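So you can see what is in the structure, the chains are spelled out below.
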Amino acid sequence: DTGVAMNALIAFLDKSPSRTALLTGLGMAAVVGTALLFEHVGGYLPCKLCLEQRTPYYIGAPLMIAAGLFHGRVPTGVTRGMALIGGLLMLYGAALATYHAGIEWAIWSGPADCTGTGANVTTNAGDLLGDLNAKTPPMCDKAALRILGLSMAGWNVPASLALMVTSLFAAKRD
């Protein structure tokens, strides 16, 4: 039953803010680690917005792990504040991912330097070889990969929201 599972999850998260913060930090590291694997092992180059979506994870993962490790060793307000910041970072990440997914689905337009036909190849023969050797990042309006119908940006929305919720559980009073 879904209700029983949800109640068990809430009880687990409520039990220990330090454990919740640690698991949230590890979850953030796993999400950004997956993106890095797709890039470096799978060969999927990230666009400008994909790279921006990683920033909340780069800041949030060590912050939440530190909140979990320092819980009970520093004033509670410090670790609660760290967890709250982690939650706000994930809210920002969810908003950015929603924006990016909307660009991919052509719901709204994206930044001019990251949509459309991409970088133009020079007409100067001296620069042509340099242009051919340069890696051109993909455009923000073209999803490089879809899994079960969602792009990486699309999957980042529920991941960020789930991590936001667990961050806020870690920020609750003991």
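The structure this text deals with has already been given above.
Note that the structure is a prediction, hence the values are computed from the model and not measured. (Residues numbered from 1 in each chain as written. Predicted model: local features only at pLDDT ≥ 70, side-chain atom pairs only at ≥ 80, totals over all residues. Heavy atoms only, no water.)

A word on the overall build of the chain
Here is the rule: Helix and strand assignments come from DSSP, with helices taken as H or I runs of at least 4 residues and strands as E runs of at least 2, each series counted from the N terminus. Under the scheme applied here, a residue whose accessible area is under 20% of the maximum for its type counts as buried, over 50% as exposed, and between as partly exposed, the area being computed with a 1.4 Å probe on protein chains only. Contacts are assigned to residue pairs that have any heavy atoms within 4.5 Å of one another.
Counting its secondary structure elements, the chain contains six helices and two strands. When its helices and strands are written in sequence order, the chain yields α-α-α-α-α-β-β-α. The buried share among the 174 residues of the chain stands at 36%. Contacts in the chain between residues at least 24 apart in sequence constitute 75% of all its contacts with a sequence separation of at least 6.

A few points about helix 3 (residues 48–70)
Put simply, the test is: Expected span of a helix, by definition, is 1.5 Å for each gap between consecutive residues, and there is one gap fewer than residues.
A rise of 1.5 Å per residue sets the reference length of helix 3, with its 23 residues, at 33 Å; its end C-alpha atoms lie 34 Å apart and thus fit the reference within 8%. The set of residues buried in helix 3 consists of Leu49, Gln53, Arg54, Pro56, Tyr57, Gly60, Ala61, Met64, Ala66, Ala67 and Gly68. Buried residues along helix 3 sit in contact with helix 2 (17–40), helix 4 (76–104) and helix 6 (152–171). Where helix 3 ends, the next residue or the one after it, glycine 72, has phi of about 85°, a positive value.

Comments concerning the side chain of glutamate 39
Relative to the helices and strands, glutamate 39 is located in helix 2. Filtering out sequence-adjacent residues up to four positions away, glutamate 39 remains in contact with Tyr44, Pro46 and Arg54.

Describing the packing of aromatic side chains
Let me state the cut-off plainly: The aromatic pairing rule takes the rings of Phe, Tyr and Trp, using the six-membered ring of Trp, and pairs them if the centres are within 6.5 Å, calling planes under 30 degrees apart stacked, those over 60 edge-to-face and the rest tilted. Placement of a charge over a ring requires the Lys NZ or Arg CZ to be within 6 Å of the ring centre, with the centre-to-atom vector within 35 degrees of the ring normal.
Per the counting criterion, the structure on display carries one aromatic pair. The ring of tryptophan 105 is capped by arginine 146, whose NZ or CZ atom sits 4.2 Å from the centre of that ring.

Looking at the packing of helix 2 against helix 6
Short version of the rule: Here an axis means a line fitted to C-alpha atoms, over the contact stretch when the element is a helix, while the angle between two N-to-C directions is reported on a 0 to 180 degree scale. Oblique is the label for any angle not covered by the other classes, which are roughly parallel (under 35 degrees), roughly antiparallel (over 145) and roughly perpendicular (65 to 115). Note on convention: the crossing is left-handed when the near helix lies turned anticlockwise from the far helix by less than a right angle, right-handed when the turn is clockwise.
Remark: helix 2 packs on helix 6, axes separated minimally by 8 Å, with the N-to-C direction vectors making an angle of 165°. Judged on the interaxial angle alone, helix 6 and helix 2 are roughly antiparallel. The handedness of the crossing between helix 2 and helix 6 comes out as left-handed. The segment helix 2 lies against helix 6, with Pro17, Thr20, Ala21, Thr24, Gly27, Met28, Val31, Ala35 and Phe38 engaging Met152, Ala159, Leu163, Thr166, Ser167, Phe169 and Ala170.

Here we look at the state of the cysteines
Where we set the bar: Two cysteine sulfurs form what is called a disulfide whenever their separation falls within 2.5 Å.
Per the counting criterion, the structure on display carries zero disulfides. This cysteine, cysteine 47, is not joined by any disulfide, and cysteine 50 carries the nearest cysteine sulfur, 3.4 Å off. Under the relative-accessibility criterion, cysteine 47 is labelled buried at 2%. Under the relative-accessibility criterion, cysteine 50 is labelled partly exposed at 23%.

As for the environment of methionine 164
Mapping methionine 164 onto the fold places it in helix 6. Its relative accessible area of 16% is what places methionine 164 among the buried residues. Setting aside anything within four residues of it in sequence, one finds methionine 164 in contact with Gly87, Met90 and Leu91.

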